[in-house]
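# An overview of the molecular structure
Residues per chain are reported as follows:
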Amino acid sequence: MQCFFKAPAGLRSFGAALFVLAASAALPAAHAQAPQPPEIAARSYLLLDVTANQILAAKDIDAPVEPASLTKLMTEYLVFDALKSKKITLTQTFGVSPRAWKMPGSRMFIDPKMQVPVEDLIKGMIVQSGNDATMALAEGVGGTAEHFVELMNQQAKALGMKSTSYKNPEGLTEAGHSTTARDLSILSTRLMTDFPDYIGYSAIKKYRYPGTPATNDTNRNTLLFRDPTVDGLKTGHTNAAGYCMIATARRDFPNLGAAGKPGGRRLLAIVLGASSDSARATESQKLLNWGYTAFEAVKLFDAGQAVATPAIWKGKEAVVKLGRPEAIVVAVAAGSAGKLKTQVARPEPLVAPFKQGQPVGSLKIFNGDNTEPMAEVPLVALQAVEESGIFGRAWDSIRLWIK
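Now for a look at the structure at hand. Keep in mind the model is a prediction, meaning the values are calculated, not measured.

## What about the overall build of the protein?
Helix and strand counts for the protein stand at nine helices and 16 strands. For the protein, the residues scored as buried account for 53% of the 403 residues in total. Taking the contacts inside the protein whose residues are at least 6 apart along the sequence as the reference set, 68% of them involve residues at least 24 apart. Carbon and sulfur atoms make up 54% of the accessible area of the protein, which amounts to about 17,700 Å² in all.

Pasting the structure below:
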């Protein structure tokens, strides 16, 4: 069964909530006349509309790259997961092994005489990009660095990062240590959505542990100081990787949100292999600004709003409400929102019972007269529908047989 709708003008607004597409894979923006991205001086880059889960611009996003300190995002993921599952606490202290103390590259400047709280190690890893703090966390959570790396690769596989291989927790150059821009976008979005209580550490501008050099207190993400809408995520650099940055911004728009309250639209810019610290920041800012002006996010349906209410058989209710628990949002070229069309695809007949959250069909979204959908959103039952009594089920069985 397929049903067609045209997105009414009154639904045009900037979307705030992330909807998850099949296999958590972001769809490329599909437009009759897609805006052309600016020239970006980097080996590879990706601009993702996190709110709509759509790629707006990309170059060589499946090419293998060395991640440098962007590796620490996976270390963050595992540390945040250990906190969320209460395996460790923020106030718990970890020792500093000789291996952690002697780590080369960026450092927090901790030493074996110290017992450092987990929260301070997290700040040292994220704000100062400390390889010593990262190693201390890896050993504290994983027992050994080698076991922690095994956990990193297992988690990458679980997240669907098909082209990533980790060899260490901090990102120093090592044979076989590689990822892609696409995989980094998966990790970054999951880091933000899975750990909202901890992702705020990425927005800290300055931090240093007591007794360590005062000159080593500044976050290397210079966009945190330039753009008030930027709140993360991480930078990285090695001679082989070049200068890398993953920057994310959330900007509010007046017509977004619910109950008259404004909401935000989040973009994620990944720039890999830039020529300098300033270049990676400039190119990331260029992508973010372009994404916000060249595309608009259109909220088609509010969170929990019924997209369709098809009739069902053998249920205590006559219909089942289909929709999403979060808003359904798509990104389109600025000014083209009126061309959107939607189509509901679902099985027929629909026979009770239905559990709340049970997948039932999908919403296909088309741009203008394009025959290929620009996005497809799984629909679920918004409320449970129980089976009717024995006589109701028998009567519907007869009606279905006649039909």
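## Describing empty space enclosed by the protein
Tallied over the entire structure, the rule returns two cavities of 30 Å³ or more. Roughly 50 Å³ of volume is contained in the largest cavity. At three residues, strand E7 (residues 230–238) tops the list of elements feeding residues into the lining of the largest cavity. Partitioning the lining of the largest cavity into residue classes produces three nonpolar, five polar and two charged.

## Overview of the nonpolar core
Core analysis: the biggest nonpolar cluster contains 63 residues, and Met74, Phe80, Ile110, Leu121 and Ile122 have the highest contact counts within it. Of all the elements in the fold, those that place two or more residues in this core are strand E3 (44–49), helix H1 (72–84), helix H3 (118–126), helix H4 (131–142), helix H5 (145–159), helix H6 (181–194), strand E8 (242–253) and strand E9 (263–274). It is H1 that contributes the most residues to this core, eight residues altogether. What Ile110 contacts, discounting residues up to four positions off in sequence, is Val96, Trp101, Val116, Leu121, Asp132, Ala133, Ala136 and Tyr209. Formed by 30 residues, the second largest nonpolar core is a distinct cluster that contains Met245, Ala279, Leu287 and Ala331.

## What to know about the pairing of strand E14 (residues 340–345)
With five of its six residues buried, E14 lies for the most part within the structure. Relative to strand E15 (residues 359–367), E14 runs antiparallel, the two being bridged by six bridges. Pairing of Ala345 across the sheet is with Ser362, part of E15.

## Focus: the pattern of salt bridges
Counted under the stated rule, the structure contains 17 salt bridges. Across the salt bridge formed by Arg251 and Asp227, the nearest N and O atoms sit 3.0 Å from each other. Separated by 24 residues along the polypeptide, Arg251 in strand E8 and Asp227 in the loop between helix H7 (223–226) and E7 bring together distant segments of the chain. Asp227 carries the same exposure label as Arg251, and that label is buried. For Asp231, the salt bridge is made with Arg266, and the minimal N-O distance between the two is 2.9 Å. You can see Asp231 sitting in strand E7 and its partner Arg266 sitting in strand E9, a full 35 residues away along the chain.

## Notes on the side chain of Gln155
Locating Gln155 in the fold gives a position in helix H5. Residues within four places of Gln155 in sequence aside, it is in contact with Met74, Tyr77 and Leu78.

## Comments concerning H3
Most of H3 is tucked away, with seven of its nine residues classed as buried. Three or more residues of H3 are buried, namely Val118, Asp120, Leu121, Ile122, Gly124, Met125 and Ile126. In this structure, the buried residues of H3 make contact with H1, strand E5 (93–95), strand E6 (115–117), H4 and E7.

Reading the values: rules and limits
- Residues numbered from 1 in each chain as written.
- Predicted model: local features only at pLDDT ≥ 70, side-chain atom pairs only at ≥ 80, totals over all residues.
- Heavy atoms only, no water.
- Helix = DSSP H or I, 4+ residues; strand = E, 2+ residues; numbered from the N terminus.
- Buried < 20%, exposed > 50% of the residue type's maximum accessible area, 1.4 Å probe, protein only.
- Contact = heavy atoms within 4.5 Å.
- Areas by Shrake-Rupley, 256 points an atom, 1.4 Å probe, with all protein chains shown as cover.
- 1 Å grid on protein atoms, 1.4 Å probe; cavity = no way out; pocket = protein on both sides within 12 Å on 5 of 7 lines; lining within 4 Å.
- Points joined across faces, edges and corners; volume = space filled by probe spheres on them.
- Nonpolar A, V, L, I, M, F, W, Y, C, P; charged D, E, K, R; others polar.
- Core = buried A, V, L, I, M, F, W, Y, C linked by side-chain atoms within 4.5 Å.
- Pairing = 2+ DSSP bridges.
- Salt bridge = Lys/Arg side-chain N within 4 Å of Asp/Glu carboxyl O.

Purely geometric numbers; function is a separate question.
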